[in-house]
Amino acid sequence: MSTDQPPVIAVTGMNARADNPGPGLAVARCLRDAGRAYRIVGLGYDALDPGLYSSRCDAGYLLPYPSAGPDALRERLLAIHAEESLDAIVPCLDAELPVFAALADELRERGIRMLLPTLEQLMARDKSRLAELARRVGVRYPETRSVTDAGFFYRAPAEGWAYPFVVKGPFYDAQIVRTAEEGTTAFRRIAAVWGLPLLVQRLVSGEEFNLAGLGNGQGGLAGAVMMKKKALTEKGKAWAGITIHDDRLLEVGRAICGALCWRGPLEVEAVRDSDGGYHLIEINPRFPAWIYLSSGAGCNLPQALAGLVLGETLEPLPPPRVGVLFVRSAEEIIVPLEAFEAVAVGGATPGNR
Amino acid sequence: MRVLKRRQRVLGLVKLGEGESTDNNKYVALEDGLMSPPEVAEGKQHSRDVDLPSAALLDRLAISESGFVFDPVTGNSYTLNLSGLTLLRRFQRTADLEELVALIVAEFDVPPRDAERDIIEFAATLRQHLKP
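Residues numbered from 1 in each chain as written. Chains lettered and ligands numbered in written order. Predicted model: local features only at pLDDT ≥ 70, side-chain atom pairs only at ≥ 80, totals over all residues. Heavy atoms only, no water.

Draft legend 1. Structural detail: the overall build of chain B. Along chain B, the regular secondary structure elements total 4 helices and 5 strands. Ordered by position from N to C terminus, the α and β elements of chain B give β-β-α-β-β-β-α-α-α. A buried classification covers 49% of the 132 residues belonging to chain B. Here the contacts in chain B between residues at least 6 apart in sequence split such that 63% fall between residues at least 24 apart. Total accessible area on chain B is roughly 6500 Å²; 50% of this is exposed by carbon and sulfur atoms. (Helix = DSSP H or I, 4+ residues; strand = E, 2+ residues; numbered from the N terminus. Buried < 20%, exposed > 50% of the residue type's maximum accessible area, 1.4 Å probe, protein only. Contact = heavy atoms within 4.5 Å. Areas by Shrake-Rupley, 256 points an atom, 1.4 Å probe, with all protein chains shown as cover.)

Draft legend 2. Representation of the sheet that holds strand S11 (residues 238–244) of chain A. Residue and element names in this part refer to chain A. Read from one edge to the other, the open sheet built from 6 strands follows the order S13-S12-S9-S10-S11-S14, with strand pairing classed as antiparallel. Each having just a single partner strand, strand S13 (278–284) and strand S14 (325–327) make up the two edges of the open sheet. On average, each strand axis in the sheet is inclined to that of its neighbour by 25°, with strand direction left out of account. Here strand S9 (residues 207–216) pairs with strand S10 (residues 221–232) via 7 bridges, running antiparallel. The partner of leucine 211 across the bridge, within S10, is methionine 226. On top of the sheet, helix H8 (residues 247–260) reaches S9, S10, strand S12 (263–272) and S13; it is set at about 130° to S10, its chief contact. Its contacts with the sheet place helix H10 (residues 301–309) against S9, S10 and S12, and it is angled at close to 20° to S9. (Pairing = 2+ DSSP bridges. Axes fitted to C-alpha atoms, helices over the stretch in contact; angles between N-to-C directions.)

Draft legend 3. Focus on the environment of Ala88(A). All names here are of chain A. Of note, alanine 88 is situated in strand S4 (residues 88–90). Placed 25 residues apart in sequence, alanine 88 and arginine 113 show a C-alpha to C-alpha distance of 4.5 Å. Look past the residues within four positions of alanine 88 in its chain and what remains in contact with it is Val8, Ile9, Ala10, Ile112, Arg113, Val309 and Leu310.

Draft legend 4. Just the layout of surface pockets, in detail. All names here are of chain A. Each pocket or cavity is described by its volume, and for the second largest pocket that value is around 730 Å³. Looking at the second largest pocket, it is lined by 28 residues, and the ones nearest its centre are Leu25, Arg29, Arg56, Arg328 and Ser329. Tallied by class, the residues present in the lining of the second largest pocket amount to 17 nonpolar, 6 polar and 5 charged. (1 Å grid on protein atoms, 1.4 Å probe; cavity = no way out; pocket = protein on both sides within 12 Å on 5 of 7 lines; lining within 4 Å. Points joined across faces, edges and corners; volume = space filled by probe spheres on them. Nonpolar A, V, L, I, M, F, W, Y, C, P; charged D, E, K, R; others polar.)

Any functional reading would require information beyond the geometric quantities listed.
So, in C-alpha cells, the structure goes:
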C-alpha cells in the first residue's frame, strides 16, 4: 500500500434496484463518511448496476458472474488490480463469497486483502445447516425441512405442516404461502431461479429484527448495530428502519461469532416473538443493504472493516445511537452515453472520477 | 364516551409503523371502551395498585414533551395525547390508583369513577403493547 496515496478499496454489490438493493453502494457511502480518504472502486456484474456510475465510487468495473468460477474472477481481478493497485476488496453478495474465499490466499499474495469467513464458516451458517448452528449457540430456530417436489404442498397439512409457512430458496428468496396453490407457484418460481432443494420453514409470528456485525475472526464481535424494520418493499426488504438495543439480540450475535470465530461482516436476521424471545431466521455472510444506518448511528462498521483489513489497530467502536431512523429513497443517476458505452463494451468506467 | 376536560381521552395511544409485523398488524388506533370497566366496590375503589407493565419496561421508554414515545428495545413508537402522556409519566413513579385518580381528576376535571376506569383501561392498553 502506498503511503502517499489513499488506500484503494474495491466494493462489490453495486446493484441497487429500489425494491432489493445490493449492499455495495451503502458500504461505499460508509467509507466516504469515514474520517480518512479512500479511493473506492465499485465492482458490478451488469452495465446497469447503478453503483458503477455513482459519485460514491471513484471508478467502476464489471466482474464475471460467480458462476464463471474462480479462474475467470481471478483473471479479471488481477486485470483491475493492474489498473487500480487494489489494497482491499469488500465482497458484498452472498453468491460471490465462496469464490472470493477460494481466492483469498492468492489475492493476499498479490497485496489484495479481504476479511472474509472461511469456506467452513460459510457452510456452517448455510440454510441447510442453520438448525444445527442454532442448537449450538442456544437460539431458537423454526422447524425447517427440505423439499424437492411441488407435490409436498398438497401433502403438507397431512404431514403436519399447516399453512401458512415459508418457502425459501437454497441461497436466496423467501415467500410466505397460505395455500397449496400458492406453495406450488412459489416452489416453481424460486426453484427456477435458485435450484433445488428448497426449504420450508414454520412461520414465526412476531416482528423482524436485524443485527449487522463485524466478527474479528477470533471469536469476538468487534461491533454491532441492531435495527428494527419499520417499512418493507414488496420483496420484504427494509425500506425504513430504526436502531434499537436489545441485549438478548446482541447476545445472539456474540454467540454466533463466538461459535464460528466469524471473520468479517455478517447480518443476523431474527424474529422477536411476543414474549421477547428471538428466533433465528438467517445469517447473511456480508453487510446488509441498510448498513449506512451504522454510519448514521455513529458506529461505522464498514469503516471498521476497512481498518481491520488494512492491518490497522481497531479502536473500540462507540455504541450506536438508539432511535436513529433511516428511510430509503430511490433516485436517478444520469449517465452520459460514453460512460454507459465504456462499461458495456470495455467493462470499466472511463477514466478516473 | 367518558369525556375529559380539554376533550382529552386517556385512551389516546397510537402505535406507529407496524407494517413489518408478520401477523399483518397495521396501525393500531385504539378506540374508547375496548376494555370493560371493572366492578369496583364502593369505598375500595382507590385502595389498590394499577396492574402496569414492569417498572423496567416503563423506565426504558423515551418519552418526549410532544407525547412521542419510543421503546429502544422493540423499536416501536407511539403517540400519546395529553392525558395519556400525563399518566404514563406518573406510571413511571407510582401504580397507586388513588394517587393516579387524584391526578387525573385534578388535571382534567372528570368524575373519579370515569378517571379510574380510563386509567385501568390505559394500563391494560400499555400491557398489551409494551412487551419485554
